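Coordinate inspection notes
Here are the chains, one letter per residue:
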Amino acid sequence: MATESDHPSRGLAVAGSWWLLTLVVLGVYLVSPVRDATDADPAFAPLSAHSLVHHGDLTLDRFGARRLIGHPVVVSDGSLDAGFVVTGVGSTGWEQLRAAVADPDVDVVDYFPWTGAVLAVPAVLVADGWAALTGTADSGELLAGGGFSWLHAASASLVVLGAVLAVRATALVALTGPIGRRRVLSNATALVVALGTSAYSTASRALWQHTPSLLLLTLALWCAVRIDRNATGPGPVDPTGSDPEPTPEPRDPVRLQGWTVGLAAASAAAAVARPTNLAFAVLIVAWVLYRNRHRFLATAVSAVVGGSAVVCAFVGLSLLLVGRVVPPYYSAGRLQFGGWFAEAVAANWVSPSRGLLWASPIVVMSVAGTVVALRSAGRGEPVVPGRALVVALWATVAAVTVAVSAFPQWWAGHAFGPRFMTEAVPALVVLALPAVDRLAGGAAADRDARHPGRRTAAVVAVCALALWSVAFHAVGSVAGASGCWNAYPIDVDSDPARVWSLPDAQVLEPVHRVLDPQRRAAQDAVCVGR
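The following refers to the structure shown. Only a predicted model underlies this, so the values are computations on that prediction, with no experimental measurement involved.

Quick notes on the pattern of salt bridges
Under the defined criterion, the tally for this structure stands at ten salt bridges. Residue glutamate 381 is joined to arginine 379 by a salt bridge in which the shortest nitrogen-to-oxygen separation is 3.6 Å. Of the charged contacts, one joins aspartate 504 and arginine 498 as a salt bridge, the two residues approaching to 3.0 Å between their closest N and O atoms. Relative accessible area serves as the criterion here: at 14%, aspartate 504 is assigned to the buried category. Among the ionic contacts, a cluster of salt bridges with common partners joins Arg498, Asp504, Glu509 and Arg519.

In structure tokens, the structure reads:
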């Protein structure tokens, strides 16, 4: 007999389709007018990509010393400290920078990881190919004239779309019930992540390190959830709430486990994309070793294979592209536990302009999901994430918080919203899935039947939080004035306490510009084109 699981209705089939999610997310990303609205970390990724395509290296010398002002660089002769920023013509370091650019034996490269440059290569190839066919400006001319921003943002958007689809795949595995319902819920979850978090306002706007980081973290967690689901299965679990002990497979003890290889590779690659993800990689690999402890040797070998493959590729490419085994950006000395640490932790969670809970309050669902998961495990019900994975995921969230709060520039510089907390989002999404499942009528929802009003109120509250989250990040992606907040009335790098001001909150900057013409005129003078 056919069931809803076998034949979801036509409406459910369309609403739950991956292609509909792709069209909506990519469409919103591509038409959002704020593109590369910062001269910070991602600014030189397209320049480096152009050099890589046309000259086989990442050097920036050919763009001239003036083009390199205001951005951290690495000079091969050591005349400037790695990451030094020349702030203007005649300022400290200007003569050294100009001499390095003029010297054919000295290379100047971007301080930030080469991953952004590699991801920008397709955009350079597209621009050059289109120019060859139509006679329009090629990538070099577009970069010189400032016309490359759409291609830059499109490159970032495609990478983030991959992360969104990985979230959908993860939710499909974790949720319960008929396949049609799971697909719709997975699409809804992925859509909120795509538009209601920094995936939209930061990662999709330019090739920040957060952009590939987000994709790789979601892929790692997809693997983790698959491993957890395969171990948990659909049947009852230990009534003590412990993770079940699957029956050992009668196979070669060192047979590679595909999902573990993928988890280790994606986790290691995430640490390459953004070094603060190293703690995530360590914690999630420790979890899988514990989860598959009955097959410890095979799991350990699989993790080593996946992780070492990425490390070898990273070392090889680093030697090829920048001539060093480990580029200067990966120095652990960049993290410091100074007197700002406590304020930084608080600011990254609750400040009006940089707090994750202000920008994406929908993440509180992770707390509800944790409660549902732990209670379900305590009753002997199969649930993903299981108890051990819940603990590991919260540990990764704590690790992200500690790492980003240890940066001396804890307010994330010129950015929009909780940029530094972007890497916490994937784990929080997985933690929220049991609550999503229950609210939408999953396996654990029957217990709510006696309190329909309570469930309705919860659904309304979740929808309100989701709408708030989407609206907040839409401001950063649609209203370029929000980026001007960083520079006016006082540069946030000079006065980071601004992130705590509610009347001067960054998300309100478009409103201030409408109500205060004088502020708008003064801001335009220091924030051209925003």
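Points about helix 19 (residues 452–478)
Each turn of an α-helix holds 3.6 residues, which means side chains three or four residues apart point in the same direction. For helix 19, built from 27 residues, the straight-helix expectation of 39 Å at 1.5 Å per residue is met to within 8% by its first-to-last C-alpha distance of 38 Å. Within the sequence span of helix 19, burial applies to Val462, Ala466, Ser469, Phe472, His473, Gly476 and Ser477. In this fold, the buried residues of helix 19 make contact with helix 8 (179–196), helix 9 (198–203), helix 15 (356–359), helix 16 (365–378), helix 18 (425–439) and helix 20 (481–484).

Things to note about a nonpolar patch on the surface
There is a patch of nonpolar side chains on the surface, built from Val350, Leu357, Trp358, Val364, Trp468, Trp500 and Leu502 and spanning about 600 Å² of accessible area. Along the polypeptide, tryptophan 468 turns up in helix 19.

Re the packing of aromatic side chains
The geometry of an aromatic ring pair is captured by two quantities: the separation of the ring centres and the angle between the planes. The full count for this structure, using the stated rule, is 13 aromatic pairs. With 5.6 Å between their ring centres and 20° between their planes, tyrosine 29 and tyrosine 200 make a pair best called stacked. Residue tyrosine 29 is found in helix 2 (residues 18–31), and its partner tyrosine 200 is found in helix 9; the two are separated by 171 residues along the sequence. The buried category is assigned to tyrosine 29, whose relative accessible area is 1%. Ring geometry for tryptophan 358 versus tryptophan 468: centroids 6.5 Å apart, planes at 50°, classification tilted. In this pair, tryptophan 358 sits in helix 15 while tryptophan 468 sits in helix 19, placing the two residues 110 residues apart along the sequence.

Some details on the packing of helix 10 (residues 210–232) against helix 12 (residues 278–291)
The interhelical angle for the contact between helix 10 and helix 12, taken along N-to-C directions, is 15°, at an axis separation of 11 Å. When the interaxial angle is binned, helix 10 and helix 12 end up roughly parallel. Between helix 10 and helix 12 lies a crossing of left-handed hand. Two secondary-structure elements touch here, helix 10 through Leu217, Ala220, Leu221, Ala224, Ile227, Asp228, Ala231 and Thr232 and helix 12 through Phe280, Ile284, Trp287, Val288 and Arg291.

Examining the environment of valine 53
For valine 53, the location among the structural elements is in helix 3 (residues 45–55). On the basis of relative accessible area, valine 53 is assigned to the partly exposed category, the value being 31%. Placed 341 residues apart in sequence, valine 53 and tryptophan 394 show a C-alpha to C-alpha distance of 41 Å. Ignoring sequence-local partners within four residues, the contact set of valine 53 consists of Val121, Val124 and Leu125.

Topic: the nonpolar core
Counting residues in hydrophobic clusters, the biggest one holds 88 residues, and the most contacted among them are Tyr29, Val164, Leu263, Ile284, Trp287, Met365 and Leu428. It is helix 18 that provides the largest number of residues to this core, a total of eleven residues. Counting 29 residues, the second-largest nonpolar core is a separate cluster that includes Ala43, Leu68, Ala100 and Phe148.

Looking at the state of the cysteines
Each disulfide is one covalent bond, formed between the sulfur atoms of two cysteines. Here the structure, examined in full by the defined rule, presents zero disulfides. Between cysteine 223, a free cysteine, and cysteine 312, which holds the nearest cysteine sulfur, the sulfur-to-sulfur gap is 19 Å. Judged by its relative accessible area of 7%, cysteine 223 falls in the buried class.

Reading guide: rules and limits
- Residues numbered from 1 in each chain as written.
- Predicted model: local features only at pLDDT ≥ 70, side-chain atom pairs only at ≥ 80, totals over all residues.
- Heavy atoms only, no water.
- Salt bridge = Lys/Arg side-chain N within 4 Å of Asp/Glu carboxyl O.
- Buried < 20%, exposed > 50% of the residue type's maximum accessible area, 1.4 Å probe, protein only.
- Helix = DSSP H or I, 4+ residues; strand = E, 2+ residues; numbered from the N terminus.
- Expected span 1.5 Å × (residues − 1).
- Contact = heavy atoms within 4.5 Å.
- Patch = residues over 30% accessible without salt bridge, like charges linked within 9 Å, V, L, I, M, F, W, Y side chains within 5 Å.
- Areas by Shrake-Rupley, 256 points an atom, 1.4 Å probe, with all protein chains shown as cover.
- Phe/Tyr/Trp six-rings, centres within 6.5 Å; stacked < 30°, edge-to-face > 60°.
- Axes fitted to C-alpha atoms, helices over the stretch in contact; angles between N-to-C directions.
- Parallel < 35°, antiparallel > 145°, perpendicular 65-115°, else oblique.
- Left-handed = near helix turned anticlockwise from the far one by under 90°.
- Core = buried A, V, L, I, M, F, W, Y, C linked by side-chain atoms within 4.5 Å.
- Disulfide = S-S within 2.5 Å.

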